Each structure stands twice: as structure tokens, then as C-alpha cells.
Amino acid sequence: MTAPTTGPQPNGAGPSATLRRIEVDGIGIRYVRLGQGVPLVYLHSPFGEVGALPVFGALAAAGFEIIAPELPGFGQSDPVTTWQNIADVVFTLRRILDRFEVDRAVLVGSSLGGWLAAEIAVWFPQRVRALALLAPLGLRVEGAPIFQIFGAEDDALLPRLLARPTDFPAHLAPALAADDDAAESPADPLALPLHLFRAMEATARIGWNPYLHDPRLRERLGQIEAPTVVIRGDRDGILPAAHAAAYAAAIPGARRVEIADCGHLPALEHPEEVARHLSPLRRHAEEDHTASCYCM
Amino acid sequence: MDIFSFHLMPWPYLPADYGGSAWITVPNGLYDPGRGHDLYNRYLDELEYAEQVGFDGLVVNEHHQTAYGSMPSPNLFAALLARRTSRAKIAVIGNALPLYNPPTRVAEEFAVLDVVTGGRLIAGMVVGGGPEYYSSGVNPAQARRRFAEALDLVVQAWTRPGPFEFDGEFYKIPHVNPWPRPLQQPHPPVWIPGLGSLETMELVAARGFSYVGLPFFHSSVFERNYAAFRQIWLAAGRDPAPENLGLLLPIYVAESDAAARAEYEEHLWYFARKLLNGVQIVPPGYQSVQSAVRLMENASKYLLGVSDWETVVSGSYAIVGSPDTVAEKLADLIRRLGVGNLLGLFQLGSLPAHLTRANLTLFAEQVMPKLRAEFATPPVWPETLV
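These numbers were taken from a predicted model, which means no experiment stands behind them.

Chemist: It is not clear to me how the overall build of chain B should be interpreted in this structure. Could you clarify?
Modeler: A count of helices and strands for chain B gives 12 helices and 11 strands. In terms of C-alpha radius of gyration, chain B reaches 20 Å, essentially the compact-globule figure of 21 Å for 386 residues. Principal axes of the C-alpha set define a box for chain B whose edges measure 60 × 55 × 45 Å. With 386 residues in all, chain B has 59% of them scored as buried. Look at the contacts in chain B between residues 6 or more apart in sequence, and 77% of them connect residues 24 or more apart. Accessible surface, chain B as shown: approximately 15000 Å² in total, 54% of it carbon and sulfur.

Chemist: What's the story with the interface of chain B and chain A in this structure? I'm lost.
Modeler: Interface extent is often summarised as the accessible area lost during association of the parts. Across the contact, 18 residues belong to chain B and 15 residues belong to chain A. Regarding the contact of chain B and chain A, the summed buried area is about 1400 Å², with carbon and sulfur atoms giving 60% of it. In this assembly, chain B and chain A are joined by 0 salt bridges. The tally of links from chain B across to chain A stands at 9 residue pairs in polar contact (both at pLDDT 80 or more). Elements represented by at least two residues in the side of chain B that touches chain A include exactly α4 (130-136) and α9 (289-298) of chain B. A breakdown of the residues in the side of chain B that touches chain A according to their chemical character gives 10 nonpolar, 6 polar and 2 charged.

Chemist: Please explain the packing of helix α1 (residues 33-52) of chain B against helix α2 (residues 74-82) of chain B as it appears in this structure.
Modeler: Any two packed helices are characterised by how steeply their axes cross, that is the angle between the axes, and by the distance between the axes. All names here are of chain B. In the contact formed by α1 and α2, the axes pass within 11 Å of each other and the chain directions differ by 60 degrees. In terms of orientation, α1 and α2 fall into the oblique class. Handedness of the α1/α2 crossing: right-handed. For the pair α1 and α2, contact is made by Y40, L44, L47 and E48 and by F77, L80 and L81, respectively.

Chemist: Sorry, what's going on with helix α2 (residues 86-99) of chain A here?
Modeler: Note: α-helices contain 3.6 residues per turn, so residues at a spacing of three or four share the same orientation. Residue and element names in this part refer to chain A. The terminal C-alpha atoms of α2, which comprises 14 residues, lie 20 Å apart, in line with the 20 Å expected from a rise of 1.5 Å per residue. All of the buried residues in α2 are I86, V89, V90, T92, L93, I96 and L97. When α2 is viewed along its axis, its buried side chains cluster within an angular range of 160 degrees and face the same direction. Where α2 is buried, its residues touch β1 (20-24), β2 (27-34), β3 (38-43), β4 (64-69), α3 (112-123) and α6 (191-207). Its side-chain oxygen 3.1 Å from the backbone nitrogen of A87, N85 forms the N-cap of α2. Of the residues trailing α2, E101 is marked for its positive phi of about 55 degrees.

Chemist: Just to check I follow, could you spell out the nonpolar core for this structure?
Modeler: A general tendency of soluble globular proteins is for nonpolar side chains to be buried together. Residues and elements named next belong to chain B. In this structure, L330 and F363 are the most contacted members of the largest nonpolar core, which totals 247 residues. For this core, the element with the highest residue contribution is helix α5 (residues 143-159), accounting for 9 residues. Discounting residues that sit within four places of it in the chain, L330 has contacts with L249, I251, I319, L342, F363, V367 and L371.

Chemist: I'm lost on the sheet that holds strand β7 (residues 228-233) of chain A in this one. Help?
Modeler: Backbone hydrogen bonds are what pair the strands of a sheet, in a parallel or an antiparallel way. Residue and element names in this part refer to chain A. Spatially, β1-β2-β4-β3-β5-β6-β7-β8 is the arrangement adopted by the 8 strands of the open sheet, whose pairing is mixed. In the strand order of this sheet, the two ends are held by β1 and β8 (255-259), each with one partner. Strand after strand, the sheet turns through a mean of 25 degrees between neighbouring axes, direction not considered. As defined by bridge partners, strand β6 (residues 128-134) adjoins β7 across 4 bridges and the pair is classed as parallel. What sits directly across from L131, in β7, is T228.

Chemist: Sorry if this is basic, but what is going on with the environment of B:F55 here?
Modeler: Here B:F55 lies in the loop between α1 and β2 (57-60). When residues no more than four places from it in sequence are discounted, the contact partners of B:F55 are B:I3, B:F4, B:S5, B:A50, B:R87, B:A88, B:F346, B:L360, B:F363 and B:M368.

Chemist: Any chance you could explain the side chain of B:D56 here in plain terms?
Modeler: All names here are of chain B. Relative to the helices and strands, D56 resides in the loop between α1 and β2. In terms of polar contacts, D56 uses its side chain to reach the side chain of R372, at 3.0 Å. Sequence-distant contacts of D56, defined by excluding residues within four places in its chain, comprise M1, D2, I3, R87, A88, K89 and R372.

Chemist: Before we go on, may I ask you to explain the packing of aromatic side chains in this structure?
Modeler: Per the counting criterion, the structure on display carries 25 aromatic pairs over all chains. Ring centres 5.1 Å apart and planes at 75 degrees place the aromatic pair A:Y42 and A:F56 in the edge-to-face group. With A:Y42 in strand β3 and A:F56 in helix α1 (residues 54-61), this pair connects stretches of sequence that are 14 residues apart. Comparing A:Y42 with A:F56 shows no difference in burial state: the two are buried. Geometrically, the ring pair formed by B:Y211 and B:F229 is stacked, given 5.1 Å between the ring centres and 10 degrees between the ring planes.

Rules used in this analysis
- Residues numbered from 1 in each chain as written.
- Chains lettered and ligands numbered in written order.
- Predicted model: local features only at pLDDT ≥ 70, side-chain atom pairs only at ≥ 80, totals over all residues.
- Heavy atoms only, no water.
- Helix = DSSP H or I, 4+ residues; strand = E, 2+ residues; numbered from the N terminus.
- Rg over C-alpha atoms; globule rule 2.2 N^0.38 Å.
- Buried < 20%, exposed > 50% of the residue type's maximum accessible area, 1.4 Å probe, protein only.
- Contact = heavy atoms within 4.5 Å.
- Areas by Shrake-Rupley, 256 points an atom, 1.4 Å probe, with all protein chains shown as cover.
- Buried area = accessible area lost by both parts, 1.4 Å probe.
- Salt bridge = Lys/Arg side-chain N within 4 Å of Asp/Glu carboxyl O.
- Polar contact = N/O pair within 3.5 Å; in protein donor to acceptor, adjacent residues only side chain to side chain.
- Nonpolar A, V, L, I, M, F, W, Y, C, P; charged D, E, K, R; others polar.
- Axes fitted to C-alpha atoms, helices over the stretch in contact; angles between N-to-C directions.
- Parallel < 35°, antiparallel > 145°, perpendicular 65-115°, else oblique.
- Left-handed = near helix turned anticlockwise from the far one by under 90°.
- Expected span 1.5 Å × (residues − 1).
- Arc of directions from axis to C-beta.
- Core = buried A, V, L, I, M, F, W, Y, C linked by side-chain atoms within 4.5 Å.
- Pairing = 2+ DSSP bridges.
- Phe/Tyr/Trp six-rings, centres within 6.5 Å; stacked < 30°, edge-to-face > 60°.

Quick look at the structure:
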């Protein structure tokens, strides 16, 4: 079992979200784990946000225990260079859940992470108590292409990504913080470019072609039984609204939420509101908890 | 000293008002097949002519979906030259291995070329340019591993008695058994072009292949990269081998320095501003962090960013001038870099047929003899003088 969260009970802020490391099948994985309550696994976007994020503080305050790994190849986690297809990626993710000893979790995924969360829900449904997909990639929708993020210049990408594009470095600052020193912001001007260089490489490894989707996923989404909410920002310029609609249509009983004045990364742009929309999933999870005698 | 004539077969007719990339997204409505017919035949004539005036080798190369170079399969052009030439080496540098599946096709086609030409083939193999990963859909995050495995497969196909099974990470082939086998034994010389990544140099040194630095950089970049190569080569326990190093750059010779500039300059700018535009795209995963940083340091020393003629001359981005000037500058570079192969681009950008031919003629008559005399024995590597 990995070290439990130290320090006081988080209370809305994230400084206690210390970055730690474990090994999963020989792959070094950096992660944060904070809060007490229903286990919630957060899978990040292509930009590799992790660390002391306000959304984690808000979710901890809402009664979740947050486990947020930096996926292989992102940030300071080792890459898995043998991944060749999405099945390889999903298997690695299952092993990460095993290593964290998270039996059944609320799965929250942003963008790329939303796609991966949906894959886990399809392949390992017993591991998913509830599902929150934030602007999830993963589907191809005719006539509604995903914006080409690979090779995009900042001035084209950022206004599509965020309602307030200049906030981008601040959103990623926690991921650039040194281990065990999450409050420090690094001075190295190359830290952010190198972080993004690795993040784009890792994203390409997963979703270069087919471009950020799994052609088989949509027909399998009907198998998902976990309570699901699909959230998107009304100003998302990366992922057209038709994608959230397609997920919601394919997953039985899925709810749809649209957040105002928000781009492609709601968890970073509107953490409190996202936490509010995720809070009901805890009740689902607690009912589930009683049924399965899950011990904390 | 072997002297080669290298051709890119560029598209010289991009409209004056076209300011977009020459790569990936350049609308192919701008390609005119009628003009293409004349152009292909003209460019092939220029390569054949180079053999006639005394070049040791002719070089073709692979580019996809770009006005920069119109040889999507360089093996086709090598085949066109194979039967129209009789003496010159034919260097294909190279086949972009990750774009061929299965790569045994490369082993087969190169073996055909080697057998047909009586062993005149130089077999170049490359990772492929960054833009080609956008054009092909091949995952750039797998590029290096695919390349290494495919290279291994091709060399095995040439050297291991077939049939045998190949069970790689990317390529699984139950029966590898190419027919024909290459004429040169154990296999044709393998040349690997590089941008300066140390990983590529280490691979070349470990296997005893040959290295050619990719062109259009300031000569200081070549000096740094070739010094790194020589050290890596020697550290691999090998003897100094100028014959395993090639220098590739644009060359233009005219009656005088002034005439050379007057005839050449606009065509060089067409190349630098129109055809190089877009080549700098580096897809995610295509390079290691170290290589990316190394390349970033060199970005300001790339012809795409050069805006004045004085820098072209002082940085030796192209060697342009009278026969004496060109011979002297080339001899200096060859000596400093320790190379035994000179690969010249004698046609660049929009340089027209008559100037290209005059360039080849003058170079062959007045520069080549000087270089041959100067390097009757190959240049000595500076490391061995210490």
C-alpha cells in the first residue's frame, strides 16, 4: 500500500497535494493523493495537469479521496515506449489502479483523460463506481473534427483551449513544481516548454493516428452501467459540442452539463463548479459502497 | 575523394503570391503535370549529364507531398538512372524506412538496383522528415524505434541466408527471403543522413555505416556535428574513415564571384523562402528532448532564417563564386570536417536548366580537378594529430 496522505485534512486549497512517486510494473509514476472519502481517480488532459490543483482541493472538500497520477510519458512519469494501441494504454491504466489499490473508484477524466476513463469503463466496468467525462476526446464525429493540437502554435491553440488563454502557465504551474515542494513555482524558463514537449509526445503515442479517438469505442459505450455525467465548456474550441452529445447519447442514462464562460479544460477553469457537478456522484458511490462492503 | 551530384527535383513554379508552407498543406492544384513532364525529364538529364562530365556518383532522395522535392519514391529515379548510366554510383539517400511496411520491400528494391547496376548502389536509409509524419499518418512517437528495427530487418534480409523468420516489435514476417540478393557483399554501402542527433551518429559508428549531415546550416553547425561524429566513430574503436563521412551543400560556379552571385541569388532565395518554408515542423515524439534542444540551438543557423547574401557567403550556406573561390572554400571545409565524399546540389530552387548545366560543366572542368589533386590522399582527421 502506498503512503497515505499526510498533513491536515485538505480544506478547499491544494498545497497539501504533495507529488510522490511509485513504480508500476517498473514504470515510475508521479502522482498526488489527498483527501479522505470516496476514491476518485483523476486522469489529466493532453497538457498533463497534476499537483496542487484547486479542483483537487474542491473535490477533497466535497468528500472524495483524490488520486491523480501523471500518466506514463507526461511530466516526470516514465514513458511506456511499447504502447502501440489503445488496448496497451488501457491495460497500463488498469495496472496503475491496481497499484494504488483502488478497487472501485469514481473516474474523472479531462479531454484525453476523459477518453481513457471511458475506455476503462468499457473494459473494466467493475472498477468504475461513477464516471465524469470532461470534454472527452475519444470519438470521431463526422462533420465535427477535433481541432488539430499537434503542431498548433500557441496563438492558435490557447484561445481555443481556455476562455482566458493567458491563464495557461498558471494552470500548469503545479505540475512543474518539484517533488515534495508543491508550493514552490519553478524559475526555469525551459520547464514549461519541456513539460509540453513531453506531454505532446505522450499524447501522440496514444492518439496520433487514429487522431485522438478509438474507432471502436462508440459502439461499446452502451455497455457502461456506471452513473455518468458529461461536462463541457460552452467556449470549447478544441472539441465540438457534438462529441459531448455523442457520448451522452451512447452511454445509458448519462447526464449532460454545460459550463458557461469555459473552454476545453473545465476542471482547471471552473474547479468549484466542476466539483459541485461531481458531488452527486459521491452519493451514487456511497450507495455502491454499502452494497459492496468496500472498506476505507 | 568521391564527388557526387545531388538533386532534389524541386518545383520551381510556386506562384509569386503564394506565401504558405511548401510542405504537407501546399495545395496540389499548384502542381502542373504538363510542366512536370518537362521538369522530370530535364532533372534526369541533369543527373545523367553529371556522369558524363565526370562525377563519381548521382544522388536521389525521398520526399512526400511537397514542392521541395518531387521524388516520392527515390528508387524509381534510381531505376530510371540505372539503365541510362554505366559508371557513376547511384546513391539513394534514402528510403524513409518507417514509411514502408513491410520494410522488406526496401531490401528487395535496393537489391534489384544493386544487381541491375552491377554494384553501383549506395543504400541510404532515413527516419523521414518531420512533415512526412503528418503526410503519412505514421506515429512519430514510434519513428526512431521503427527505423532502428526496419534497418536491422533490411540488413538481415541482405546478409542472413533465407528464408528466416523475423519477429520484431513492429514487423513480424514469417518468411524473409528476398529475391534477388544484392551484388555487393556483404551488402551495399549504407549511408545515414542526420540532423546532428548523437543517437544517429552512435548507430552509424556501431554498425560501420556512413554519415552525411543534412544541409542548409551554417558551417559552424557542421563543424560541431562532424567533430561529434568523428569522436563517436573513434570511440567505437574504429580507424579514421573520411570515406564514411559526406558533406552535402549547394554549389554554384560561374566565371567570377560577381557573375555567380548575379546568376544565382534569386534562385537561392526562392529555395530558402518558398521551398524551405514548412520543413521545420517537428512532430511530437520525433526527437528526444536532447536532440530537440540541440536543434533549437541551431535554429538561428538555418538557411530558412537567413535574410542577406553576406550571411549566405560567410556561413557557407552555399558555396558560390568563381572556380578558384569555390575550390578554395570547398577544400577548406573538406579538410576541416574530415570528409571523403562531397555531395553538391548543383540545381537549387528555381535555378533554370541552362545555368544548372553551365554550373555542372564549370565545376567539372575547373573545380573537380583541383579537389582531386588536393585530396589524392584523404583529409586527415584532426583527432589523430593529437
